[in-house]
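Given next are the chains, with one letter for each unit.
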Amino acid sequence: MACRCALKAVKRCVALRQSVVLGIIREPRQLEPAPLRWVSGTRYSSSVPADTEPLGDKALRLIGWLGGFYSNKAVLSRSAKTLYENCIDKVDYENFFKVCAMPDSFQSWFLVAQLHLWLCMVRLKREGKDGDYMLKQMVAMFWNDVEARMKILGVNSGRTINRGLRDLVHEFYGLVIAYDEGLLTDDRTMAAAVWRNLVSDKENTEPTQLALAVDYIRRQVKVMDEGDSELLLRKGQVQMYPLALTLSSTPGA
């Protein structure tokens, strides 16, 4: 009975949508009243299979499919937004500023955010076309974020913004190459990339500062690589470690 009612609800939604598209006004056919055992929420017949999804939710899900809400690109776009929020917006920037001796500035935010976008790039490259689509969405969000922050800081000239964005784009891809090289080689190369690009007070840098940053990057790449692809692509979910302030407090230390 549950399946029959659900099927009728689906047919009704499809017919109603077709009527709207075609500009035809039809009186929707009334559904048969549901048996009292379903209305009361108690299933008296043990022969009826359990239905874990309410009929109303099925109808809403169908409408979502018809409207494109559950299309592959729509799902990937929402996952990209969630991943961006989890991996970039929720980063503890203050810890990075402390470890890398960075001033609290727009440039420091850009460098830390770019590092985490690169981490997402590394992971999403494994997911083929879906991963590439999500990555493009996240890169667009990043540059929109950059432009919005520039305007908040009082940079309102279109020419100045365009020139600044052009310089940052060159810096962005230079950072990608540096981190890629560090990832594919050894900790010494990664530490050099961190020292050149993240550390502000280069003359007074302690080895432990670089060790903390390199350890964080290696661990984060590993935990993201081990994450479930379905959760990543459909929910935008990945596990994120916090940046430790001491080596003894790093996860698994």
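Residues numbered from 1 in each chain as written. Predicted model: local features only at pLDDT ≥ 70, side-chain atom pairs only at ≥ 80, totals over all residues. Heavy atoms only, no water.

**Overview of the packing of helix α6 (residues 106-124) against helix α10 (residues 207-225)**
Cut-off, in case you're wondering: Axes here mean lines fitted to C-alpha atoms, for a helix over just the part in contact, with angles spanning 0 to 180 degrees between N-to-C directions. Per the convention used, a helix needs a DSSP run of H or I reaching at least four residues, while a strand needs a run of E reaching at least two, with both numbered from the N terminus. Take the far helix as the reference: if the near one is turned anticlockwise from it by less than a right angle, the crossing is left-handed, and if turned clockwise, right-handed. By definition in these notes, contact holds between two residues if any of their heavy atoms fall within 4.5 Å. Classification convention: Asp, Glu, Lys, Arg as charged; Ala, Val, Leu, Ile, Met, Phe, Trp, Tyr, Cys, Pro as nonpolar; all other residues, Gly among them, as polar.
The geometry of α6 relative to α10 is characterised by a closest axis approach of 10 Å and an angle of 35 degrees between their N-to-C directions. Helix-helix and strand crossings are classified by hand; for α6 and α10 the assignment is right-handed. Taking contact as the criterion, the partners of Leu115, His116, Trp118, Leu119, Cys120, Val122 and Arg123 in α6 are, on α10, Tyr216, Ile217, Gln220, Val221, Met224 and Asp225. Broken down by class, the residue content of the contact of α6 with α10 amounts to nine nonpolar, two polar and two charged.

**With respect to the packing of aromatic side chains**
Remark: the centre distance and the inter-plane angle together describe each pair of aromatic rings, the angle taken between the planes. Note the following rule: In this scheme Phe, Tyr and Trp rings, the latter by its six-membered ring, pair at centre separations within 6.5 Å, and the angle between planes marks the pair as stacked below 30 degrees, edge-to-face above 60, and tilted otherwise. Burial status follows relative accessibility: with a 1.4 Å probe on protein chains alone, a residue under 20% of its type maximum counts as buried, one over 50% as exposed, and anything between as partly exposed. Geometrically, a lysine NZ or arginine CZ counts as sitting over a ring once it is within 6 Å of the ring centre and also within 35 degrees of the ring normal.
Applying the stated criterion across every chain yields a total of eleven aromatic pairs. Arranged with centres 5.3 Å apart and planes meeting at 45 degrees, the rings of Trp118 and Tyr179 form a pair that is tilted. A residue pair is termed long-range when its members are at least 10 positions apart, and Trp118 in helix α6 and Tyr179 in helix α8 (residues 158-184) qualify at 61 residues. Accessibility classification places Trp118 together with Tyr179 in one group, the buried group. Clustering of aromatic rings is evident, with ring pairs tying together Phe106, Trp109, Phe110, Phe142, Trp143, Phe172 and Tyr173. Geometry around Trp195 places Lys202 over its ring, the cationic atom sitting 5.9 Å from the centre.

**A short note on the pattern of salt bridges**
When charged atoms on two side chains of opposite charge get close, those side chains can pair. So the rule is basically this: What counts as a salt bridge is simple: a side-chain nitrogen of Lys or Arg found within 4 Å of a carboxyl oxygen of Asp or Glu.
Here the structure, examined in full by the defined rule, presents nine salt bridges. Residue Arg123 is joined to Glu127 by a salt bridge in which the shortest nitrogen-to-oxygen separation is 2.7 Å. Accessibility classification places Arg123 together with Glu127 in one group, the buried group. Arg126 is paired through a salt bridge with Asp225; the nearest N and O atoms lie 2.8 Å apart. Taken together, the residues Arg126 in the loop between α6 and α7 (128-152) and Asp225 in helix α10 connect sequence positions 99 residues apart. Owing to a relative accessible area of 46%, Arg126 belongs among the partly exposed residues under this scheme.

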